[in-house]
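The primary structure of each chain is shown beneath.
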Amino acid sequence: MKKIARITTQKKHKNRYNIFLQTPDGDAYGFSVDEAILIEYRLSKGMELEDEMISILEQKDTLHKAYTLTIHFLSYRMRSEKEVSDYLQKKEVDGTHIDEIIKRLKREKWVDDQQFAQMFVRSRKNSSSKGPKMIRQELYEKGVDESKITSALEQYSVEEQKQKVEKLINKKLQSKSKDSHQKRIDQIKQNLMQKGFDSGVISMVIQEMDTTEDADREWEVLQLQGEKLLYKYQRKHSGFALKQKVMEGLYRKGFSFDMINQFIDQSLQDE
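Being a predicted model, the structure only gives us computed values, none of them experimental.

The rules behind the values
Residues numbered from 1 in each chain as written. Predicted model: local features only at pLDDT ≥ 70, side-chain atom pairs only at ≥ 80, totals over all residues. Heavy atoms only, no water. Pairing = 2+ DSSP bridges. Helix = DSSP H or I, 4+ residues; strand = E, 2+ residues; numbered from the N terminus. Contact = heavy atoms within 4.5 Å. Axes fitted to C-alpha atoms, helices over the stretch in contact; angles between N-to-C directions. Polar contact = N/O pair within 3.5 Å; in protein donor to acceptor, adjacent residues only side chain to side chain. Buried < 20%, exposed > 50% of the residue type's maximum accessible area, 1.4 Å probe, protein only. Expected span 1.5 Å × (residues − 1). Arc of directions from axis to C-beta.

**Focus: the sheet that holds strand 1 (residues 2-9)**
Two strands in a sheet stick together by hydrogen bonds in their backbones, pointing the same way (parallel) or opposite ways (antiparallel). Across the sheet, 4 strands lie side by side as 3-2-1-4; this open sheet has antiparallel pairing. The open sheet has two free edges, formed respectively by strand 3 (26-34) and strand 4 (48-49), since each of these has just one partner strand. One ladder, built from 5 bridges, connects strand 1 with strand 2 (residues 16-23); its direction is antiparallel. Paired with Ile7 across the two strands is Ile19, which belongs to strand 2. Across the sheet, helix 2 (residues 51-74) touches strand 1, strand 2, strand 3 and strand 4, and the angle it forms with strand 3 is around 40°.

Put into structure tokens, the structure is as follows:
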């Protein structure tokens, strides 16, 4: 049995207290606790503590410090249960303490994966260019259950997806490019699929939009690409072989046969 000799407030942490115990050689530092532990166990000068109780107090304090650390972690933004667990593991918190902290956080509604998924989808939908598939993958990596993810994604309607896709397509088409119109459309489709949008939604939007090519711009780009191909192949080929090489190159770049033939007729009429 050990008796509390005195209790002092820590200089740097006013809500923490040092507990000094009586020993044959005088007062000696025993352990420290948070104010919440001090109040809960009504620790005071003269109180006698068994070694088992001191061990319990130290464990309680360790748990309380980990809990307080977690609350600070959650104060920046809402987190998934897995994110909290991963964070505590990195802080080398004991596994049993992690389980206890998670249970308490769920009781107190600090951690709620369904609410987290709902807020996450809403945030991504409103402030990013990501589609449902990418958002689903992000939530999966954060440890959210499939059923909760599916439920949260219901708020990302097909109509909203179409509006987002149309906006992204228009932005891409307005940017300068040295590629053919068809190649740009194909690149845009690929890019949107990488962002997590469904190919069916993308195709639907493209069909409804006026994405017809600008003939003057297309001809200008074709001439530029055609000249590059001529320069590349005319040193090794001539006549029919040269025409075939240039035509094949332009076709792979997405230009129409009519425009390709027009370029060939104008540029290689003497070959």
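Here the narrative resumes.
**Re the side chain of Arg184**
Looking at the element boundaries, Arg184 is found in helix 9 (residues 181-194). Side-chain polar atoms of Arg184 contact the backbone oxygen of Lys172, separated by 2.9 Å.

**Concerning the environment of Glu159**
Mapped onto the elements, Glu159 comes out in helix 8 (residues 158-174). Here Glu159 falls in the partly exposed class, since its relative accessible area comes to 46%. Spatially, the C-alpha atom of Glu159 lies 12 Å from that of Lys125, the residues being 34 residues apart in sequence.

**A few points about helix 8**
Look at helix 8: 24 Å from first C-alpha to last across 17 residues, which is about the 24 Å you get at 1.5 Å a residue. Looking only at helix 8, the buried set comprises Gln161, Lys162, Lys164, Val165, Leu168 and Ile169. On an axial view of helix 8, the arc spanned by its buried residues comes to 165°, and they lie on one face. Facing away from the buried side of helix 8 by over 90 degrees, the exposed positions are Lys167, Lys171 and Gln174. In this fold, the buried residues of helix 8 make contact with helix 5 (113-127), helix 6 (132-141), helix 9 and helix 10 (199-208).

**A short note on the environment of Glu160**
In this structure, Glu160 sits in helix 8. As for Glu160 and Asn126, which are separated by 34 residues in sequence, their C-alpha atoms are 10.0 Å apart. Excluding residues that lie within four positions of it along the chain, Glu160 makes contacts with Lys125 and Gln155.

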